[in-house]
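# A closer look at the structure
Listed below, chain by chain, are the residues.
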Amino acid sequence: MGACLLGVLLATVVPARAQWDLQDSHSTADLRGIDNVGNGVAWASGTNGTVLRTEDGGYLWQSCSIPPGAEHLDFRGIQAFDANTAIVMSSGKGDLSRLYKTTDGCHTWKLVFTNPDKDGFWDAIQFDRDQWGYLLGDPVKGMFVLFVTDNGGRTWIRQRNRGLRAMSTEQGVFAASNSSMVEDAGFVMFGSGGKGGAFAYQIVELEAGKTDYEGRRKKWDKHPVPIGNRSEPSGVFSVAKRKSGIGWAIAVGGSYESPDDRSATAAFTFDSGRTWVGSTTMPHGYRSAVAYYAASKTWITVGPNGTDISTDDGKNWRALHPDTALHETPDADRNWNALSLPFVVGPHGRIGKLNPHALAVASNGK
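As the structure is a computational prediction, the values presented were derived from the model and not from experiment.

This brings us to the overall build of the protein. A count of helical and extended segments in the protein gives two helices and 31 strands. Per element, the accessible surface of the protein, about 15,300 Å² overall, is 52% carbon and sulfur.

Glancing now at unusual backbone geometry. At the junction of Leu 341 and Pro 342, the peptide bond is cis and its omega measures out at 15° in the coordinates. Note on placement: Pro 342 falls in the loop between strand S29 (338-340) and strand S30 (343-345). Residue Lys 297 is not a glycine yet carries a positive backbone phi of 50°. Turning to its location among the elements, Lys 297 is positioned in the loop between strand S25 (289-293) and strand S26 (298-303). On the basis of relative accessible area, Lys 297 is assigned to the exposed category, the value being 61%. Positive phi outside glycine occurs at Asp 313, with the angle close to 60°. Looking at where Asp 313 falls in the secondary structure, it is placed in the loop between strand S27 (306-310) and strand S28 (318-321).

Let us now look at the sheet that holds strand S5 (residues 51-54). Here four strands make up an open sheet; going across it, the order is S3-S4-S5-S6 and the pairing antiparallel. This sheet does not close on itself; its edge strands, each paired only once, are strand S3 (31-38) and strand S6 (62-63).

Moving on, we come to the pattern of salt bridges. Enumeration over the complete set of coordinates arrives at eleven salt bridges. In this structure, Glu 55 and Arg 53 form a salt bridge, with 3.4 Å as the shortest nitrogen-oxygen distance. Residues Asp 119 and Lys 118 are paired through a salt bridge, measuring 3.4 Å at the closest nitrogen-oxygen approach. Note on Lys 118: relative accessible area 66%, which makes it exposed. Each of the salt bridges in this network shares a partner with another, and the network as a whole consists of Lys 93, Lys 118 and Asp 119.

Another point: the state of the cysteines. A covalent bond bridging the sulfur atoms of two cysteines is what the word disulfide describes. The final tally for this structure, using the stated rule, is one disulfide. Each sulfur in the disulfide pair Cys 64 and Cys 106 lies 2.2 Å from the other. Judged by the sign of its S-S torsion, about -75°, the bond between Cys 64 and Cys 106 is left-handed. With Cys 64 in the loop between S6 and strand S7 (75-80) and Cys 106 in the loop between strand S9 (98-102) and strand S10 (110-114), the pair connects residues that are 42 residues apart, well separated along the chain. Summarising the burial analysis for this pair, Cys 64 and Cys 106 share the class buried.

Checked against the element boundaries, Asn 151 lands in the loop between strand S13 (143-149) and strand S14 (157-158). Within polar-contact distance, the side chain of Asn 151 engages the side chain of Thr 155 at 2.6 Å.

Within the secondary structure, Asp 117 sits in the loop between S10 and strand S11 (122-127). For Asp 117, the side chain forms a polar contact with the side chain of Arg 158, separated by 3.0 Å. Residue contacts for Asp 117: discarding those within four places in its chain leaves Gly 94, Val 140, Val 145 and Arg 158.

Moving on, we get to the environment of Arg 262. Relative to the helices and strands, Arg 262 resides in the loop between strand S22 (249-255) and strand S23 (266-269). Of the residues examined, Arg 262 reaches a relative accessible area of 34% and is grouped as partly exposed. Along the sequence, Arg 262 and Gly 285 sit 23 residues apart, while their C-alpha atoms lie 4.0 Å from each other. Residues contacting Arg 262, with those up to four places away along its chain left out, are Thr 281, Met 282, Pro 283, His 284 and Gly 285. Within polar-contact distance, the side chain of Arg 262 engages the side chain of His 284 at 3.3 Å.

Attention now goes to the sheet that holds S11. Strand order in this open sheet of four strands is S11-S12-S13-S14, and the pairing throughout is antiparallel. At either end of the open sheet lies a strand with only one pairing partner, and these are S11 and S14. Two strands pair when backbone bridges link them, and S11 and strand S12 (residues 133-140) are joined in this way by five bridges, in the antiparallel orientation. Looking at S12, one finds that Ile 125 is bridged to Leu 135.

Here we take up the environment of Asp 24. Structurally, Asp 24 can be placed in the loop between strand S2 (20-23) and S3. For the pair Asp 24 and Gly 349, spaced 325 residues apart in the sequence, the C-alpha separation amounts to 8.1 Å. For Asp 24, the side chain forms a polar contact with the main-chain nitrogen of His 26, separated by 3.0 Å.

What follows covers the confidence of the model for the protein. Overall, the predicted model of the protein reaches an average pLDDT of 88, with 86% of residues at or above 70. In this model, residues 2-18 is a region of pLDDT below 50 whose contacts with residues beyond four sequence positions or in other chains number 37 contacts. Every residue in residues 207-215 is under pLDDT 50, and counting partners more than four places away or in other chains gives 15 contacts.

What follows concerns the packing of aromatic side chains. Tallied over the entire structure, the rule returns 20 aromatic pairs. Aromatic side chains Phe 81 and Phe 127 sit 5.1 Å apart centroid to centroid with 75° between the ring planes, which places their arrangement in the edge-to-face category. One end of the pair, Phe 81, is in the loop between S7 and strand S8 (86-90); the other, Phe 127, is in strand S11, and 46 residues separate them in sequence. Residue class for Phe 81 comes out partly exposed when judged on its relative accessible area of 22%. The class for Phe 127 is buried, based on a relative accessible area of 6%. For the pair Phe 237 and Tyr 286, a centre-to-centre distance of 4.8 Å together with 75° between the ring planes defines the contact as edge-to-face. Taken together, the residues span a long stretch of sequence, with Phe 237 in strand S21 (residues 234-241) and Tyr 286 in the loop between strand S24 (277-278) and S25 at a distance of 49 residues.

Reading the values: rules and limits
Residues numbered from 1 in each chain as written. Predicted model: local features only at pLDDT ≥ 70, side-chain atom pairs only at ≥ 80, totals over all residues. Heavy atoms only, no water. Helix = DSSP H or I, 4+ residues; strand = E, 2+ residues; numbered from the N terminus. Areas by Shrake-Rupley, 256 points an atom, 1.4 Å probe, with all protein chains shown as cover. Buried < 20%, exposed > 50% of the residue type's maximum accessible area, 1.4 Å probe, protein only. Pairing = 2+ DSSP bridges. Salt bridge = Lys/Arg side-chain N within 4 Å of Asp/Glu carboxyl O. Disulfide = S-S within 2.5 Å. Polar contact = N/O pair within 3.5 Å; in protein donor to acceptor, adjacent residues only side chain to side chain. Contact = heavy atoms within 4.5 Å. pLDDT = per-residue confidence, 0-100. Phe/Tyr/Trp six-rings, centres within 6.5 Å; stacked < 30°, edge-to-face > 60°.

Okay, structure coming up:
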């Protein structure tokens, strides 16, 4: 199936420069997984068991060996730890949802976990760059599926908490960009959608000495998010947190069947998800991923019909367009699925890399 009036008006009419330099992936796979490790290392994943890796900042993308039995799997998510170690997640019904891990730079892979729920479907996997990781799936028997590992993905334990109960039988999570869930030093949140409406679920730390009705020190809480139109293909598709802003997060989405409909496509929270406010000026259509670029204090969101940025923490968004002066192709701003800055990926092997100079110019409204 997360400024003054003049400035706002100018933002809606003045086109900004796009910021993606297209790269050659040597692949035709539809890419939805991307994870930037840093120091030039990044991993990407997609359809037909595709995994790609770069060690030089994207100058050369290498094709990895296909994990055993994964030739027809759709790798929607990937989480990497360094140039040699990564876990890739496939999405599909039942045992088509799997996790494979490599520790030798993707020369060989080991199947480490297969979905035990025949009606389940995995949507996102997130690690904190250490041993802790979270694996999220659509509801099974009325409960969102969540597995946790504390040993780097070798073993996974199902979480059972009443707070993970779905609001209706018509609610789920979207596996569009592996960013329907965000994890940041113990802050964990995921967004949902569907006919049951859009909600944000997050872990809440209880006061010292207190426990919830299940005897736990932490519980899952949920709050409505004003995104989408309560239809099956709509809701929260991506959530992201600003690391320097305690409690501040952004959710984007809409309906993937109506990519040009810009109503209810973004919202923000300033209190860790308890309250969500719809953006005043929305992105220009359905958006599948959002991320924060700290260097220019800019939020970036992407989708099939374009890229938008916000420099006021999600209150207002404006579109970016290709700038021929920067030698960009006419579609450099569009046809994107997922973000892990500075990289962006999309269908047919599309990979782009952030042009920080262009983004700095755009953020200043020039």
